[in-house]
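What follows is the residue order along each chain.
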Amino acid sequence: MDQHESRNFRLYFLGVMLAAVLLVYLGVLYSVQVVHHQDYATQSVHSIARPETVEASRGVITDRNGRLLVGNRSTYNLTFDPSLLKEGEDQNEAILRLIQLCQANGVDWIENLPISRQLPYTYTLDQLGDSVLKRRFLSYLKALDPSKEALTAYLLQHPETVAPRNEDDPPLPELAEPEGELTEEQEAQRQRQLGENLLDLLASKHLTAQLLTAAGITPQTLLEWMREDFDLAPSLSLGEARLVLGIQYELYLRRIGTTVAYILAEDINMEFISLINDGGYSGAKVTSSYAREIQTSAAAHILGMVGPIYAEDDMEALRAKGYSGDEIIGRSGAEAAFEDYLRGTDGRRVVSVNSDGKITGEYYTKDPRPGNNVELTIDLKFQQAAEEALAATVSAMSEKDGNTTRGAGLAVVRVGTGEVLALASYPLYDLAAYIQDGEYRAQLNTDESMPLVNRAVSGRYSPGSTYKPLIAVAALEEGVVSLKEKILDPGYWVYPDIVAGTKKWTWYCWNRGGHGRLNVTQAITASCNTFFYEMGYRLGIEKIGEYADAFGFGRTTGIEIGDAAGLVAGPEEKEARGEIWYGGDTVQAAIGQSDNLFTPLQIANYMATLVSGGKHYDAHLLKSAKTYDNSQVVAAGSREPSNVIEISDSTLNAVKTGMHNLTKTTLAPYFNSCVVSAGAKTGTAQLGGDITNNGCFVCFAPYDEPEIAVALVIEQGNAGAQLASTAVSVINAYFTPDEAETLVTGENQLLP
């Protein structure tokens, strides 16, 4: 081959090789850009981006006229996420840096380790308030080996610590007697088993600072154990260690609930956010969120609060509803009752970052959907008026007799619907302050007057004579008395079925001089005990119980925020206590005494049922739930009665007239200022001994065509007549022209 041919061959070969390389390059490019475009694009995004949950806003809560009760405010939170730490970074050091940043800028951080943050270290269990937080702390103590051993040893020496305090508590564990003599090791194992059984009985209600100290678990000792448990460096001072341990404790609790990230500080400002972004704080990230904003100082006992999901919650049920475990959910009141409507659906987005961690872009894979708006049946202005009227009466009583722990409850129900128009409990408190102010919260949690208890739905009280209209209805409908029959009241009543040779049983009317001869209408007006003793005897306790159940007593009212079922007096309850039910118990039950215990809401709903002609509706707070833009109605409150009681027109008229006449006679000084005609019944619940009686009062208005029923109970309020002025104030607040316009014209509109 000559030189020319050799050069041509090399050029040809190089050309072939270049073409082959070009073909391979084009093939790879085609594969990447066309065939496997989606796969490589996804890998590319994952390599420089991280997915994030975008929190959906919670639905707002309004009154029946659209006035905002609870809304949202956009906020930013500081979250600590251990998964963001790089390999080799010390978690405790990262936590300490963040806490020091918070301290330097006056930012309060969240942690519930019940040990004071400063020397001398003391337990702060009483400040936890929430029983769930105490249970979580106890669960940690039981999981930490040194404290578990200390508690077990103490309980073996003092088993009475977990001894039953009531019939619902489990009995103390007992070990079977051993068969034959045990070795030291076997006896030790036996004692360990007993100790574990005793430890299982130790509940949050037993947990006190005194118990822990007696068991050798002083605050400082516990901090040392925790320091070892969370592997804190010896170089950290005791003060620094306490701060870090508070956060580690919270992270531990979240790991139990399968959540990693922890919100360290809420509602941080932009200046603080800049410090975080510029300071290179490992494990820290700023997340956007929404804070619930209470827009009124009224209705604190109705609205309730939101809070995190706890490890003790039914996670299986929550996950079935789509919760991941780190959401904020309704924990009490309307927030909890209407959680399914209020919660939004979180979105997802992918955030791109560069090698320095700076965000370079983002895109949404799923848009967040806000929760539904919930419209309650209450009217805000009317609710405020009811609370003010109740507070004024109770305050005046307390100022007069010095009783500062007196409580009260009031309920207003709309006749023919079961809608709750107002629900007041005294003492009142400021819900927004309770949520935001730890000192105020601690004060309320330990207040002897128990302001956090919603007495309108949870307070159980003897109804006294407010029960007599129910007995009158039962007696007339069952035919044991006629409208014309008059019964002589000489001031006492003697039980007819006395065994020959035994002592006769006598019960007295409140008017020892007697009322003379009365028919049923007159007996209601005079509140004649003698007449209703006789009605109770004629009816019998079984028939009384049937009517009590039909009117909603002895069971919950159906209100969504939950309430007490109360108690209807009868043989079953008494015999369950090992006591005997006598005929005398029946006649006492007929005047609202004996074991009868009802809530103010039950009494109001019973009266609404009676004056409606027997239509019994479940009490409810939900007027409607609508989509976030108010374009669709998702749900509406109850529209149909749950049961109907047969009440003839003549019976209804007789009972209503008896109650109306009371407002024109004994109660005239109060009802003369009432803007509409009404009917009322007083009640005095006897507490025995030298204790001042509870006052109970129920009324309806207007008399001719009732629209509302009002019931209130004031603890140690004495005679029910003293509550009449409060009831009149409530009725007037509802029926004054301004309020009437508010209640009708503005419904279903969102007002500023």
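See above for the structure.
As the structure is a prediction and not an experimental result, all values here were calculated from the model.

Undergrad: Tell me about the overall build of the protein, residues and numbers included.
TA: In terms of helices and strands, the protein carries 29 helices and 23 strands. Taking all 752 residues of the protein together, the buried fraction comes to 48%. Contacts spanning at least 24 positions in sequence make up 72% of the contacts within the protein whose residues lie at least 6 apart. Working note: accessible area of the protein is about 36,300 Å², and carbon and sulfur atoms make up 50% of it.

Undergrad: Which residues make up the sheet that holds strand β22 (residues 694–701), and what are the values?
TA: Across the sheet, which stays open at both edges, the 5 strands sit in the order β12-β11-β23-β22-β21 with antiparallel pairing between neighbours. Here the strands that pair on one side only, and so sit at the sheet edges, are β12 (420–426) and β21 (679–685). The average angle at which neighbouring strand axes cross in this sheet is 5°, direction not considered. Two elements, β22 and strand β23 (residues 708–714), share 7 bridges in a ladder whose sense is antiparallel. In the strand pairing of β23, F700 is matched with A709. Sheet contacts for helix α15 (residues 380–401): β11 (408–414), β12 and β23; angle to β12, the most-contacted strand, approximately 30°.

Undergrad: Explain the pairing of β12 to me, and be specific about the residues and the numbers.
TA: Of all 7 residues making up β12, 7 are buried, and the element is well covered by its neighbours. Bridge analysis of β11 against β12 gives 6 bridges, and the strand direction is antiparallel. By the bridge assignment, A408 is partnered in β12 with Y426. Counted between consecutive antiparallel strands, the loop separating β11 from β12 contains 5 residues, among which G416 sits at a positive phi close to 85°.

Undergrad: Tell me what's going on with the packing of aromatic side chains, and back it up with residues and numbers.
TA: What the rule picks out here adds up to 23 aromatic pairs. Where Y429 meets Y434, the ring centres are 5.9 Å apart and the plane angle is 65°; that geometry is what we call edge-to-face. Side by side, Y429 and Y434 carry an identical accessibility label, which is buried. Ring geometry for Y495 against Y537: centres 5.5 Å apart, planes inclined by 80°, an arrangement best described as edge-to-face. With Y495 in the loop between β14 (492–494) and β15 (506–508) and Y537 in helix α21 (residues 529–539), the pair connects residues that are 42 residues apart, well separated along the chain. On the accessibility criterion, Y495 (17% relative accessible area) is buried. Judged by relative accessible area, which is 27%, Y537 ranks as partly exposed. A connected cluster of aromatic rings, assembled from ring pairs, spans W493, Y495, W505, W507, Y533 and Y537. Its end group placed over the ring of Y508, R512 keeps NZ or CZ at 4.1 Å from the ring centre. Directly above the aromatic system of Y703 lies the positively charged group of K656, at a separation of 5.2 Å from the ring centroid.

Undergrad: Could you give me a rundown of the pairing of β23, with the residues and numbers involved?
TA: For β23, a buried count of 7 out of 7 residues is recorded, marking the element as mostly surrounded by other parts of the structure. Residues I708, V710, L712 and I714 of β23 are buried on one face, and the alternating residues A709, A711 and V713, pointing to the opposite face, are buried as well. Inspection of the sheet shows β11 paired to β23 by 7 bridges, in the antiparallel sense. Of the residues in β23, the one forming a bridge with L410 is L712. Linking β22 to β23, which pair antiparallel, is a turn of 6 residues.

Undergrad: Please set out the pattern of salt bridges residue by residue, giving values where relevant.
TA: A complete count under the given rule lists 28 salt bridges for this structure. K574 is the partner of D585 in a salt bridge, and the nearest nitrogen-oxygen pair spans 2.8 Å. Of this pair, D585 sits in helix α24 (residues 583–590) while K574 sits in helix α23 (residues 571–576), and the two are 11 residues apart along the sequence. An identical accessibility class is assigned to D585 and K574; each is buried.

Undergrad: Give a detailed account of the nonpolar core, specifying residues and quantitative values.
TA: If you look at the biggest cluster of nonpolar residues, it comprises 97 residues, and the most contacted ones within it are L376, L423 and F551. By residue number, the principal contributor to this core is helix α25 (residues 600–611), which donates 8 residues. Discounting residues that sit within four places of it in the chain, L423 has contacts with I302, Q383, L410, A411, N454, A456, V457, I559, I561 and L601. Of all hydrophobic cores here, the second largest spans 65 residues; its members include L78, Y140, L194 and L201.

Conventions adopted
Residues numbered from 1 in each chain as written. Predicted model: local features only at pLDDT ≥ 70, side-chain atom pairs only at ≥ 80, totals over all residues. Heavy atoms only, no water. Helix = DSSP H or I, 4+ residues; strand = E, 2+ residues; numbered from the N terminus. Buried < 20%, exposed > 50% of the residue type's maximum accessible area, 1.4 Å probe, protein only. Contact = heavy atoms within 4.5 Å. Areas by Shrake-Rupley, 256 points an atom, 1.4 Å probe, with all protein chains shown as cover. Pairing = 2+ DSSP bridges. Axes fitted to C-alpha atoms, helices over the stretch in contact; angles between N-to-C directions. Phe/Tyr/Trp six-rings, centres within 6.5 Å; stacked < 30°, edge-to-face > 60°. Lys NZ or Arg CZ within 6 Å of the ring centre and 35° of its normal. Salt bridge = Lys/Arg side-chain N within 4 Å of Asp/Glu carboxyl O. Core = buried A, V, L, I, M, F, W, Y, C linked by side-chain atoms within 4.5 Å.

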